[in-house]
Amino acid sequence: MKLYNTMDRKVEDFVPIEEGKVGMYCCGPTVYNYAHIGNLRTFIFEDVLHKTLQEAGYSVKHVMNITDVGHLTGDGDDGEDKLGKRSRETGKSVWDIAKFYTDAFFADEKALNIERPQVVCKATDHIQDMIALIQRLEEKGHTYTAGGNVYFSIDTIDDYGKLAGQKQEDKLSGARIVVDGNKRNPQDFVLWFTNSKFGEQAMMWDSPWGRGYPGWHIECSAMSMKYLGEHFDIHCGGIDAIPVHHTNEIAQSEAATGKTWVNYWCHGEFLLNDKGKMSKSSGEFLTLPVLVSHGYDALDYRYFCLTGHYRTQLKFSYEALDHARSARERLVAAVSEMKAKTEPSEVLGEKAAEYKDKFFSSLFNDLRCPEALAVMWKMVKDGSVSDADKLALLLKMDKVLSLSLDKVPAKKEEKVGGEEEWKLVEERSMAKKNKDYARADQIRKELEERGYLVKDTPKGPILEKIL
Ligand code: AMP
Ligand code: ZN
């Protein structure tokens, strides 16, 4: 298996820390609003990665957080807590908002056949783990307190910004106006807030530094280490997390442990709309329920996402979604017909086995989904592969594609003949049962005059249209 590692800027062989096992952490949703279909693109990519690793033979422990506190409207510690803001605007409690949008997110995941990660952890359930990690950083001299907040001092480490590949001097010269005058370095970031310009926050906890709430980045470090250990294999997210969120996660995690934290950093590219990156904060975004309300199946959107490589931008349009829908429907129709004719084969023939290898080697090569889909369609159209092999292989491919092909019903034989013809068929059966062969013959002729041939099969009589 090969994966592109953002840290090294190249595709690398994947070598797990522990043989046969993968620990994978993915930044989860910030639950102050619905996930938009751009967010969902990233979660689909992570699901495909998880399932591909499984098909490659690994047992995967997948951990995802739910950000229900600490994510400010600005990534650089500026702005207001996103949930707090929403609560102020709607008059609902932050807890109700978090619960509502977490449930909405789970419903989206289910509709998209995204497998629920083994561990889904809420930030607000792990405040003590975050406090313990901040204390560890404090003991090692990586923090300072100013204006009531606890900050991480990036000047206490020498490789800050290595993920984004930016030198510190470049970052400094390009830094935005320093909003927070308490920072010794504009790139320093908050680990614990006690001083909020918005006064009393609804979510506050006691801490050694006073009553307050955690910064956003510390939650991912604390929770990933709790469930995956201090050194694990893969960390994922959208590319927007690279310059600040993941950069800061790395700084604090490696400062605390004194060693490499994550081996492979995998990032999904953006979903775009007409105006560029789809984002929640712009207010102009599409959700999965909106697509469904326009008559699409959630899996049309999953198929659409599979048509683009996760490291290239994907532009959403209804026209493109229509193409995805018609391709998915053609696939479903083909599977339905195959199911009507045959059972999946137990052992694949030589040709089908070749397609299987090609399909999975595309996926194992940095998740080349568009290439894998092309192999799948070539196989479906290949007359030299039996339906039984096709069906078996499609069901196997669907372990990763997750288009619910296992649930597609077999195509029902179209009923030939109308109500009157079938009454005659029944009458004929009765006549035969009563050994009234003359009447049975008469009915057969009558049916022929009506254009139908009656045939007796082990499953009972059938009608065929005389052409
Ligand atoms: P959030 O709920 O804002 O914390 O974002 C959840 C995930 O979606 C993160 O991994 C983001 O990096 C990712 N994301 C945000 N916007 C987009 C977009 N337009 N396309 C793809 N992924 C995105
Ligand atoms: Zn994170």
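In this convention, every chain numbers its residues from 1, walking through the sequence in written order. Going through the entries in the order they are written, you letter the chains from A and number the ligands from 1. Since the coordinates come from a predicted model, pLDDT governs what is reported: local features require at least 70, and pairs of side-chain atoms require 80 or more to be given and counted, while whole-chain, interface and lining totals use all residues. The basis for every side-chain value is the complete set of non-hydrogen atoms in the structure, without hydrogens or water.

K.L.:
What is the right way to read the overall build of the protein from this model?
P.N.:
A helix here means a DSSP run of H or I that spans at least four residues, while a strand means a run of E at least two residues long, and both kinds are numbered starting from the N terminus. For the protein, the count of helices and strands is 15 helices and 16 strands. On C-alpha atoms alone, the protein measures out to a radius of gyration of 29 Å, which is more than a quarter above the 23 Å that the 2.2 N^0.38 rule sets for 467 residues. Buried, partly exposed and exposed residues are distinguished by accessible area as a fraction of the type maximum, computed with a 1.4 Å probe on protein chains only: under 20%, between the cut-offs, and over 50%, respectively. Buried positions account for 53% of the 467 residues belonging to the protein. Should any heavy atoms of two residues lie within 4.5 Å, those residues are considered in contact. Partitioning the intrachain contacts of the protein with sequence separation of at least 6 by distance along the chain shows that 74% fall at a separation of at least 24. Exposure was quantified through the Shrake-Rupley algorithm and a 1.4 Å probe, taking into account, for residues, occlusion by the shown protein chains and nothing else. Accessible surface, the protein: about 21,800 Å² in total, of which carbon and sulfur atoms supply 50%. Put simply, the protein has 64 plus and 74 minus side-chain charges, and the middle of one group is 4 Å from the middle of the other. Each radius of gyration is computed over the set of C-alpha atoms, and the globule rule expresses the reference value as 2.2 Å times the number of residues to the power 0.38. All tallies of charge rest on Lys and Arg as positive and Asp and Glu as negative; His and the ends of each chain are not included. In this description, the location of a charge corresponds to atom NZ of lysine, CZ of arginine, CG of aspartate or CD of glutamate.

K.L.:
Would you take a moment to explain unusual backbone geometry for this structure?
P.N.:
For residues that are not glycine, phi is negative in most cases, and the peptide bond is trans in most cases. In the Ramachandran plot, Ser402 falls in the positive-phi region, its phi being about 55° despite a non-glycine side chain. Its place among the elements puts Ser402 in the loop between α13 (387–401) and α14 (419–433). Here the phi dihedral of Ser404 falls at roughly 60°; this positive angle occurs in a residue that is not glycine. Turning to its location among the elements, Ser404 is positioned in the loop between α13 and α14.

K.L.:
Sorry if this is basic, but what is going on with the nonpolar core here?
P.N.:
Most often, soluble globular proteins have nonpolar side chains that are buried together. Note on terminology: a nonpolar core comprises buried Ala, Val, Leu, Ile, Met, Phe, Trp, Tyr and Cys residues joined through side-chain atoms within 4.5 Å. In this structure, Ile234, Tyr301 and Leu394 are the most contacted members of the largest nonpolar core, which totals 129 residues. Ignoring any residue separated from it by four or fewer positions in sequence, one finds Leu394 in contact with Leu331, Val335, Met338, Met376, Met379, Val380 and Leu405. Within the second largest apolar cluster, seven residues are counted, among which are Ile443, Leu447, Tyr452 and Val454.

K.L.:
How should the sheet that holds strand β14 (residues 314–315) be read in this particular structure?
P.N.:
Backbone hydrogen bonds hold the strands of a sheet together, and the pairing may be parallel or antiparallel. Pairs of strands are assigned from DSSP output, requiring at least two bridges between the strands. The strand order across the open sheet built from three strands is β13-β12-β14, with neighbouring strands paired in mixed fashion. Because the sheet does not close on itself, it has two edges, and the strands there are β13 (276–277) and β14.

K.L.:
Help me understand the site of ligand 1 in this model?
P.N.:
Surveying the vicinity of ligand 1 reveals 17 residues, the closest of which are Thr30, Thr42, Asp240, Leu271 and Met278. Here a nitrogen atom of ligand 1 and a backbone polar atom of Leu271 are 2.8 Å apart. Relative to its free-state accessible area of 500 Å², ligand 1 is covered by the protein chains to the extent of 92%. Mapped onto the shell around ligand 1, the elements with two or more residues apiece are α1 (37–55) and β10 (232–238). Per-element accounting of the shell around ligand 1 gives the leading share, four residues, to α1. We call a residue near a molecule or strand as soon as one heavy atom of that residue lies within 4 Å of the molecule or strand. The term polar contact refers here to a pair of N or O atoms within 3.5 Å; inside protein, the definition further demands a hydrogen-donor-capable atom paired with an acceptor-capable atom, and it admits residues adjacent in sequence only when both atoms are side-chain atoms.

K.L.:
Sorry, what's going on with the coordination of the zinc ion (ligand 2) here?
P.N.:
Ideal coordination angles are 109.5 degrees for a metal with four donors arranged tetrahedrally and 90 or 180 degrees for a metal with six donors arranged octahedrally. Metal coordination here is assigned from N, O and S atoms located within 2.8 Å of the ion, or within 3.2 Å for Na, K and Ca; omission of water means that sites may look incomplete. Summarising the metal site, the zinc ion (ligand 2) is bound by the protein donors Cys27 (SG), Cys220 (SG), His245 (NE2) and Glu249 (OE), whose distances to it range over 2.0 to 2.6 Å. Because the angles between the four donor atoms bound to the zinc ion (ligand 2) fall within 70 to 130°, the donor set is best described as irregular. When the donors of the zinc ion (ligand 2) are listed by position in the chain, the intervening gaps give C-x192-C-x24-H-x3-E. Here His245 and its partner Glu249 are both found in helix α7 (residues 242–257), four residues apart, which amounts to about one turn of the helix. For His245, a relative accessible area of 1% puts it in the buried group. Under the classification used here, a metal with four donors is tetrahedral if each angle lies between 85 and 135 degrees, square planar if opposite donors are over 155 degrees apart and the others between 65 and 115, a six-donor metal meeting that same test is octahedral, and anything else is irregular.

K.L.:
What's the story with the pairing of strand β11 (residues 262–268) in this structure? I'm lost.
P.N.:
A regular strand carries its side chains on alternate faces of the sheet. The buried fraction of β11 is high, at six of seven residues. In terms of strand pairing, β10 meets β11 through six bridges, oriented parallel. The residue bridging Gly237 from the neighbouring strand is His267, located in β11. A crossover connection joins β10 to the parallel β11 through α7; in handedness this β-α-β unit is right-handed. Classification remark: right-handed applies to a crossover when, strands pointing away from the viewer, the course from the first strand over the helix to the second runs clockwise.

K.L.:
Is there a simple way to explain the packing of aromatic side chains in this structure?
P.N.:
Two aromatic rings, taken as a pair, are described by how far apart their centres are and by the angle between their planes. Ring geometry is summarised as follows: Phe, Tyr and Trp rings, the Trp one being its six-membered ring, pair when their centres sit within 6.5 Å, and such pairs are stacked at plane angles under 30 degrees, edge-to-face over 60 and tilted between the two. For the structure on display, the rule yields 21 aromatic pairs. With centroids separated by 6.3 Å and ring planes inclined at 50°, the aromatic side chains of Phe105 and Phe106 adopt a geometry described as tilted. For Phe105, a relative accessible area of 2% gives the class buried. The buried category is assigned to Phe106, whose relative accessible area is 17%. An aromatic cluster is defined as three or more aromatic residues linked by ring pairs; in this entry it consists of Tyr296, Tyr301, Phe304, Phe316 and Tyr318. In this scheme, the term charge over a ring applies when either NZ of a lysine or CZ of an arginine sits within 6 Å of the ring centre and within 35 degrees of the ring normal. If you follow Arg116 out to its NZ or CZ, it ends over the ring of Phe106, 3.6 Å from the centre. The residue whose ring lies beneath Arg184 is Tyr144, and the NZ or CZ to ring-centre distance is 3.9 Å.

K.L.:
Would you mind going over the environment of Gln442 with me for this structure?
P.N.:
Residue position: Gln442 is located in helix α15 (residues 437–449). In this structure, the C-alpha to C-alpha distance between Gln442 and Asp81, residues 361 residues apart in sequence, is 84 Å.

K.L.:
What am I meant to see in α13 here?
P.N.:
Owing to its 3.6 residues per turn, the α-helix brings residues three or four apart onto one side. For a helix, the expected span equals 1.5 Å multiplied by the residue count minus one. Relative to the 21 Å expected for 15 residues at 1.5 Å per residue, α13 spans 20 Å between its end C-alpha atoms, a close match to the ideal helical length. A large share of α13 lies buried, amounting to eleven of its 15 residues. Taken residue by residue, α13 has Ala388, Asp389, Lys390, Leu391, Ala392, Leu393, Leu394, Met397, Asp398, Val400 and Leu401 as its buried positions. Contact partners of the buried residues in α13: α1, α9 (298–306), α10 (318–341), α11 (350–364) and α12 (369–381).

K.L.:
Would you take a moment to explain the side chain of Ser402 for this structure?
P.N.:
Relative accessible area serves as the criterion here: at 8%, Ser402 is assigned to the buried category. Separated by 2.8 Å, the side chains of Ser402 and Lys51 make a polar contact. Residue contacts for Ser402: discarding those within four places in its chain leaves Asp47, Lys51, Asn113, Leu299 and Arg302.

K.L.:
It is not clear to me how the pattern of salt bridges should be interpreted in this structure. Could you clarify?
P.N.:
Opposite charge on two side chains lets them pair, provided their charged atoms get close. Basic side-chain nitrogens of Lys or Arg form a salt bridge, by our definition, when they fall within 4 Å of a carboxyl oxygen of Asp or Glu. Applying the stated rule across the entire model yields 33 salt bridges. Here Asp387 ties to Lys341 by a salt bridge, and the two come within 3.4 Å at their closest N and O atoms. You can see Asp387 sitting in helix α13 and its partner Lys341 sitting in helix α10, a full 46 residues away along the chain. Relative accessible area serves as the criterion here: at 60%, Lys341 is assigned to the exposed category. Arg444 serves as the salt-bridge partner of Asp441, at 3.1 Å between the closest nitrogen and oxygen. Of this pair, Asp441 and Arg444 both sit in helix α15, three residues apart, which is roughly one turn of that helix. Overall, Asp441 belongs to the partly exposed group, its relative accessible area being 35%. A single salt-bridge network, built from bridges that share partners, covers Asp47, Lys51 and Arg302.

Any functional reading would require information beyond the geometric quantities listed.
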